[in-house]
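Residue-level listing of the chains:
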Amino acid sequence: MSELHTFLFDGLPVRGMIVRLDSAWQEILSRRAANTQTGPYATPVAELLGEMTAAATLMQANIKFKGSLILQIFGDGPVKVAVAEAQPDLSLRATASVVGEVPPGVGLADLVNVGNKGRCAITLDPKERLPGQQPYQGVVPLFGDRGERLGKLSDVLQHYMLQSEQLDTTLVLAADQRVAAGLLIQRLPMAGEGNLSGSDAARDEDEIGRNEDYNRIATLASSLTRNELLSLDIETILRRLFWEERLLRFAPRDGMLGPRFACTCSRDRVASMIRSLGRDEAEDILAEQGRIEVGCDFCGQQYRFDSVDTAQIFAGRDGQVPGSSVVQ
């Protein structure tokens, strides 16, 4: 069972979240493995994508955004793009595009940042956009302040959070073929009437890296090993790390209210994509292949449109797209 737990440190400006993706992550991997064109992910790719999926879950739950949070990495190594998407209800999907062989045991830099040109993008796409409203996107490189290549996804995201929110953040991420998991610890912004006038803004920035309570808890969190995060249950992890701290626990999100795999693809969306190609290009594909076939990279679903289906797409722009039911 996949689950997300949220907690506060009583009396301290620190909050935390921990996520463990079992069934949700295994569903993502099994669908990829069932794809006869691609086959399963190589182990290093699966581990990176699992860390991204756990991180996207934590960030979505942390900001409580009414829309999709999309974490993407664009690379210049064998992984050209990797995507993890989390919805407000914690439904998840993830995929990666891989070109060529992936050597065993390689890390982030060799997967996506060979020439130090890799980028990480976080996009917030509102569920109900206002007229003219565009998704918000923040992009950061996969190197640090001195141009050094970052070796872990957690380092990239911590750097992003510090730049975008001016808040200290500690992330511990891990994934294998069975579990994807993550722990997030974050210093809370200063509270009080002074925030209404903005007078506490400078004081809050002065706290970056200096808050003793946060630093102590971050040190404890950073001691969590990859093996512990993947093998221990959440209760054991929290007890081992923070047994001297007073935690205020919120109800966990699990089952149908917790993290789970779900894909938002549909026949109507694919039809809209075909419509955007234009009639001429669609007819060229039909003439060459006899049908238009589109597969979803996230869930593996195959959508097929014959000449009748395609004609109806361009004939009925304002109606439902008719045609045969989804296959496979």
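In short, a report on the structure. Since the model is a prediction, treat every value here as computed from it, not as a measurement. (Residues numbered from 1 in each chain as written. Predicted model: local features only at pLDDT ≥ 70, side-chain atom pairs only at ≥ 80, totals over all residues. Heavy atoms only, no water.)

1. Structural notes on the packing of helix H2 (residues 43–63) against helix H4 (residues 153–165)
Okay, so step 1: It is the contact of H2 with H4, at a shortest axis distance of 11 Å, that shows an interaxial angle of 25 degrees. Between H2 and H4, the crossing angle belongs to the class labelled roughly parallel. The crossing of H2 and H4 is right-handed. Of H4, the residues touching H2 (which contributes Leu48, Glu51, Met52, Ala55, Met59, Asn62 and Ile63) are Leu153, Leu157, Met161 and Glu165.
Okay, so step 2: Of the residues contributing to the contact of H2 with H4, the split by class is eight nonpolar, one polar and two charged. (Axes fitted to C-alpha atoms, helices over the stretch in contact; angles between N-to-C directions. Helix = DSSP H or I, 4+ residues; strand = E, 2+ residues; numbered from the N terminus. Parallel < 35°, antiparallel > 145°, perpendicular 65-115°, else oblique. Left-handed = near helix turned anticlockwise from the far one by under 90°. Contact = heavy atoms within 4.5 Å. Nonpolar A, V, L, I, M, F, W, Y, C, P; charged D, E, K, R; others polar.)

2. Thoughts on the pairing of strand E14 (residues 302–305)
Okay, so step 1: As defined by bridge partners, strand E13 (residues 292–295) adjoins E14 across four bridges and the pair is classed as antiparallel. Across the sheet, residue valine 294 finds its bridge partner in E14, namely tyrosine 303.
Okay, so step 2: Between the antiparallel neighbours E13 and E14 lie six residues, among them glycine 300 with a positive phi of about 85 degrees. (Pairing = 2+ DSSP bridges.)

3. Quick notes on the packing of aromatic side chains
Working definition: an aromatic ring pair is given by the centre-to-centre distance plus the angle between the planes.
Okay, so step 1: Under the criterion given, the structure shown has three aromatic pairs.
Okay, so step 2: Between phenylalanine 7 and phenylalanine 9 the ring centres are 5.7 Å apart and the planes differ by 75 degrees, which places this aromatic pair in the edge-to-face class. The pair formed by phenylalanine 7 and phenylalanine 9 is uniform in burial state, with each residue classed as buried.
Okay, so step 3: Grouped by ring-pair contacts, the aromatic residues Phe7, Phe9 and Phe242 constitute a single cluster. (Phe/Tyr/Trp six-rings, centres within 6.5 Å; stacked < 30°, edge-to-face > 60°. Buried < 20%, exposed > 50% of the residue type's maximum accessible area, 1.4 Å probe, protein only.)

4. Quick word on the environment of phenylalanine 250
Okay, so step 1: Turning to its location among the elements, phenylalanine 250 is positioned in the loop between strand E10 (247–249) and strand E11 (253–254).
Okay, so step 2: A residue is classified by how much of its surface remains accessible, and phenylalanine 250, at 45% relative accessible area, is partly exposed.
Okay, so step 3: The spacing of phenylalanine 250 and threonine 6 is 244 residues in sequence and 5.6 Å in space, taken between C-alpha atoms.
Okay, so step 4: Dropping the residues within four chain positions of it, phenylalanine 250 is found in contact with Thr6, Phe7 and Leu8.

5. Digging into unusual backbone geometry
Okay, so step 1: Non-glycine residue leucine 90 carries a positive phi angle of around 70 degrees.
Okay, so step 2: Assignment of secondary structure puts leucine 90 in the loop between strand E4 (79–86) and strand E5 (91–98).
Okay, so step 3: One non-glycine residue with positive phi stands out, namely asparagine 116, at about 60 degrees.

6. A look at the pattern of salt bridges
Between side chains of opposite charge, a pair can form as their charged atoms come close.
Okay, so step 1: If you walk through the whole model with that rule in mind, you get 13 salt bridges.
Okay, so step 2: In this structure, arginine 246 engages aspartate 10 in a salt bridge whose closest nitrogen and oxygen atoms are separated by 2.7 Å. Linking arginine 246 in the loop between helix H9 (234–242) and E10 with aspartate 10 in the loop between strand E1 (3–9) and strand E2 (14–21), this pair joins segments that are 236 residues apart in sequence.
Okay, so step 3: Using a relative accessible area of 30% as the deciding quantity, one classes aspartate 10 as partly exposed.
Okay, so step 4: Across the salt bridge formed by aspartate 89 and arginine 260, the nearest N and O atoms sit 3.0 Å from each other. In this pair, aspartate 89 is assigned in the loop between E4 and E5 and arginine 260 in strand E12 (residues 260–261), connecting sequence segments 171 residues apart.
Okay, so step 5: In the salt-bridge network here, residues are joined through shared partners; they are Asp213, Arg216 and Glu245. (Salt bridge = Lys/Arg side-chain N within 4 Å of Asp/Glu carboxyl O.)

7. Digging into the pairing of E4
Okay, so step 1: For E4, a buried count of six out of eight residues is recorded, marking the element as mostly surrounded by other parts of the structure.
Okay, so step 2: Between strand E3 (residues 67–74) and E4, which follow one another and run antiparallel, lie four residues.
Okay, so step 3: Sheet topology places E4 next to E5; seven bridges connect them, and they run antiparallel. Opposite valine 79, over in E5, you have valine 98 as the bridge partner.
Okay, so step 4: The loop that links E4 with its antiparallel partner E5 comprises four residues; one of these, leucine 90, has a positive phi angle of about 70 degrees.

8. Regarding the side chain of glutamate 3
Okay, so step 1: Considering the arrangement of structural elements, one finds glutamate 3 in strand E1.
Okay, so step 2: Here histidine 5 takes part through its side chain, which lies 2.9 Å from a polar atom of the side chain of glutamate 3.
Okay, so step 3: If near-sequence neighbours (up to four positions away) are discounted, glutamate 3 is found in contact with Ile18, Val19, Arg20, Ile234, Arg253, Asp254 and Pro259. (Polar contact = N/O pair within 3.5 Å; in protein donor to acceptor, adjacent residues only side chain to side chain.)

9. Examining a negative patch on the surface
Okay, so step 1: On the surface, a cluster of negative charge is contributed by Asp280, Glu281, Glu283, Asp284 and Glu288.
Okay, so step 2: Following the sequence through the fold, glutamate 288 ends up in helix H11 (residues 279–289).
Okay, so step 3: Taking relative accessible area as the criterion, glutamate 288 reaches 67% and is therefore assigned exposed. (Patch = residues over 30% accessible without salt bridge, like charges linked within 9 Å, V, L, I, M, F, W, Y side chains within 5 Å. Areas by Shrake-Rupley, 256 points an atom, 1.4 Å probe, with all protein chains shown as cover. Lys, Arg positive; Asp, Glu negative; His and termini not counted. Charge placed at Lys NZ, Arg CZ, Asp CG, Glu CD.)

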